[in-house]
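Fold and geometry: a report
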Amino acid sequence: MEPISAALTGIALVQKSVDFIKSNIATANDIKDIAGALDGLFAGEKQVQKERFSDKSMLGQTKDAATKVIDAKLAAEAMHEMRTLINHRFGHGTFQQIIAERNKQIREEKQRIAEQKRIARKQAQERKELMMVVGSVGGGIAVFFLFVFVFLISGQ
C-alpha cells in the first residue's frame, strides 16, 4: 500500500486519496487495506472546509473565494463517490459505519483530552493549596521563633 504523503493538504490530499482508493478498491480484501487513504480523504476534506470557512479577510479576493468554493464542491463530490464505491464493494452502509466509528473515536479522544486537562487543573489547584498551607505553616513557625527570640532578648 502506498502511503499518502503528509505534505499533501486540502484538495490535493483528497484527490490523492481518491486515486489510491479507486486503484485498490477492487483488490481490497478488507477495509483496512484502504484505511490510510480514507484517513487522508477525511483529513483533506476537513482541511478544505477549514480553509473555506477560515477567518481570513477575503475583500477583493474573488479568485480565492471561487477556488475555496470549488475545492469544497470537489471534496464533497469525492466523498460521495467514495461512499458509493465503498458501499458497493463492502456492502450497503459500510461508509456510514466508518463515519460513525470515526466520529465516535474523535469524540472519545476529545473527552480523553478534556479529562486530562481537568485532572491537570485539579492537580495544579491541589499544588497551589499545598503551597499555601506550607507557606502558612512556615510563616507561623517563623513568627513563633521571632517571638521566642524577642522574648529571650527582652528577658536578659
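Structural data are supplied above this passage.
Residues numbered from 1 in each chain as written. Predicted model: local features only at pLDDT ≥ 70, side-chain atom pairs only at ≥ 80, totals over all residues. Heavy atoms only, no water.

**Examining the side chain of Ser17**
- Topologically, Ser17 is positioned in helix α1 (residues 10–24).
- Here Ala37 takes part through its backbone oxygen, which lies 3.2 Å from a polar atom of the side chain of Ser17. (Helix = DSSP H or I, 4+ residues; strand = E, 2+ residues; numbered from the N terminus. Polar contact = N/O pair within 3.5 Å; in protein donor to acceptor, adjacent residues only side chain to side chain.)

**Structural notes on a nonpolar patch on the surface**
- Taken together, the side chains of Val133, Val137, Ile141, Phe144, Phe145, Val148, Phe151 and Leu152 make up a nonpolar region of the molecular surface, amounting to roughly 800 Å² of accessible area.
- By the secondary structure assignment, Phe151 is in helix α4 (residues 94–155).
- Under the relative-accessibility criterion, Phe151 is labelled exposed at 61%. (Patch = residues over 30% accessible without salt bridge, like charges linked within 9 Å, V, L, I, M, F, W, Y side chains within 5 Å. Areas by Shrake-Rupley, 256 points an atom, 1.4 Å probe, with all protein chains shown as cover. Salt bridge = Lys/Arg side-chain N within 4 Å of Asp/Glu carboxyl O. Buried < 20%, exposed > 50% of the residue type's maximum accessible area, 1.4 Å probe, protein only.)

**Examining helix α2 (residues 35–52)**
- Helix length check: α2 (18 residues) gives 26 Å between terminal C-alpha atoms against 26 Å at 1.5 Å per residue, within 8%.
- All buried positions along α2 are accounted for by Ala37, Leu38, Gly40, Leu41, Phe42, Gly44 and Val48. (Expected span 1.5 Å × (residues − 1).)

**Side note on the nonpolar core**
- In terms of nonpolar packing, the biggest core is built from 21 residues, with Val14, Ile21, Ile34, Leu38, Leu41, Ile86 and Phe95 touching the most fellow members.
- Mapped by element, the contributors of at least two residues to this core are α1, α2, α3 (62–90) and α4. (Core = buried A, V, L, I, M, F, W, Y, C linked by side-chain atoms within 4.5 Å.)

**Quick notes on the packing of α1 against α2**
- Axis separation between α1 and α2 bottoms out at 7 Å; the angle between their running directions is 155 degrees. The angle between α1 and α2 places the two elements in the roughly antiparallel class. Crossing angle aside, the handedness with which α1 passes α2 is left-handed. Residue-level contacts link Gly10, Ile11, Leu13, Val14, Ser17, Val18, Phe20 and Ile21 of α1 to Ala37, Leu38, Gly40, Leu41, Ala43, Gly44, Glu45, Gln47 and Val48 of α2.
- Of the residues that constitute the contact of α1 with α2, the class distribution is 11 nonpolar, 5 polar and 1 charged. (Axes fitted to C-alpha atoms, helices over the stretch in contact; angles between N-to-C directions. Parallel < 35°, antiparallel > 145°, perpendicular 65-115°, else oblique. Left-handed = near helix turned anticlockwise from the far one by under 90°. Contact = heavy atoms within 4.5 Å. Nonpolar A, V, L, I, M, F, W, Y, C, P; charged D, E, K, R; others polar.)

**Let's talk about the pattern of salt bridges**
- The tally for this structure, following the rule as stated, stands at 4 salt bridges.
- Of the charged contacts in the structure, one is a salt bridge between Glu109 and Arg112, with a shortest N-O distance of 2.4 Å. Separated by 3 residues within a single helix, Glu109 and Arg112 lie in helix α4, roughly one turn from each other.
- Residue class for Glu109 comes out partly exposed when judged on its relative accessible area of 34%.

**Structural notes on the environment of Lys22**
- Mapped onto the elements, Lys22 comes out in helix α1.
- Overall, Lys22 belongs to the partly exposed group, its relative accessible area being 41%.
- Distance in space between the C-alpha atoms of Lys22 and Leu85 is 8.0 Å, their sequence separation being 63 residues.
- Not counting the four nearest positions on each side in its chain, Lys22 is found in contact with Glu81, Met82 and Leu85.

**Observations regarding the packing of aromatic side chains**
- Per the counting criterion, the structure on display carries 2 aromatic pairs.
- A ring pair is formed by Phe42 and Phe95, whose centres lie 6.0 Å apart and whose planes are at 45 degrees; its orientation type is tilted. Here Phe95 lies in helix α4 and Phe42 lies in helix α2, a separation of 53 residues in the sequence. Accessibility classification places Phe42 together with Phe95 in one group, the buried group.
- Taken together, a centroid distance of 5.5 Å and an interplanar angle of 65 degrees make the contact between Phe144 and Phe145 edge-to-face.
- Relative accessible area serves as the criterion here: at 51%, Phe144 is assigned to the exposed category. (Phe/Tyr/Trp six-rings, centres within 6.5 Å; stacked < 30°, edge-to-face > 60°.)

Distances and angles like these do not, on their own, reveal function.
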